[in-house]
Amino acid sequence: NDMQLLSEYEQQDQSSGYHYSMLEIDSTGHIRARVWPNSVSGSLTSINSVNLNQWNHIYLFQNLVGATFLSLNDASASVATTSLREPPGGGLSNFAFGVGDVTHLVTTNRFNGKIGHFTFTNTSSGNSNYSTYHTRFGR
């Protein structure tokens, strides 16, 4: 518990340019998630907590009008209307695991488990973004 899982960066250097913590496990074992430009107050918290030392599945989805969904291990989703995800200015996204980004939600502790599968899909439709994130992690 209390670890950052995933951050998004504009550059591979984590100390410069656009960067923020996207997925974290808080001290109670719940997943916290957000997409830029949403602040900590615009983050979502999973309804259930992770199963430590087991594989877990995180699903983060944002539709074309800003409805954002977070589900952990196929439980009911937390839902909020948030700002639409804004990609980095240069258009390049670098996803990083196991970092301790200063733009955190609840912690700067680094994740030290295993990532079994990660998928990011971004399909543009006009000026909107449709994004899904799938992450499995465990120890």
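Right above here is the structure, for reference.
In this report, the structure presented in the accompanying data block is examined.

About the cut-offs
- Note on numbering: residues in each chain are counted from 1, in written sequence order.
- In keeping with the model being predicted, local features are shown solely for residues with a pLDDT of at least 70 and side-chain atom pairs are shown and tallied solely at 80 or more, while totals for entire chains, interfaces and linings include all residues.
- To obtain the side-chain values, all non-hydrogen atoms of the structure were used and water was disregarded.
- Only runs of H or I of at least four residues qualify as helices and only runs of E of at least two qualify as strands under DSSP, and these elements are numbered from the N terminus.
- We call two residues contacting when some pair of their heavy atoms lies within 4.5 Å.
- We call two N or O atoms a polar contact when they sit within 3.5 Å, provided that within protein one can donate a hydrogen and the other can accept it, with sequence-adjacent residues counted only if both atoms are side-chain atoms.
- Two strands form a pair only when DSSP identifies at least two bridges running between them.
- Axis geometry follows a simple rule: fit a line to the C-alpha atoms, using only the stretch in contact for helices, then measure angles between N-to-C directions, giving values from 0 to 180 degrees.

**Section: the environment of Ser41**
Okay, step 1: Structurally, the position occupied by Ser41 is in the loop between β3 (30-33) and β4 (44-49).
Okay, step 2: Along the sequence, Ser41 and Leu105 sit 64 residues apart, while their C-alpha atoms lie 8.9 Å from each other.

**What to know about the environment of Asn48**
Okay, step 1: Within the secondary structure, Asn48 is located in strand β4.
Okay, step 2: Each C-alpha atom, one on Asn48 and one on Ala77, is 9.5 Å from the other, the two residues being 29 residues apart in sequence.
Okay, step 3: Apart from residues lying up to four places away in sequence, Asn48 is in contact with His30, Leu72, Asn73 and Ala75.
Okay, step 4: From its side chain, Asn48 meets the backbone oxygen of Leu72 in a polar contact 3.1 Å long.

**Quick look at the sheet that holds strand β2 (residues 19-25)**
Okay, step 1: Spatial strand order, β4-β3-β2-β1-β8: five strands in an open sheet with antiparallel pairing. Across the chains shown, the open sheet's two edge strands, defined by having one partner strand only, are β4 and β8 (94-97). Here the average twist between neighbouring strands, direction ignored, is 20°.
Okay, step 2: As judged from the three bridges shared by β3 and β4, these two strands associate in the antiparallel manner. Counterpart to His30 in the pairing with β4 is Ser49.

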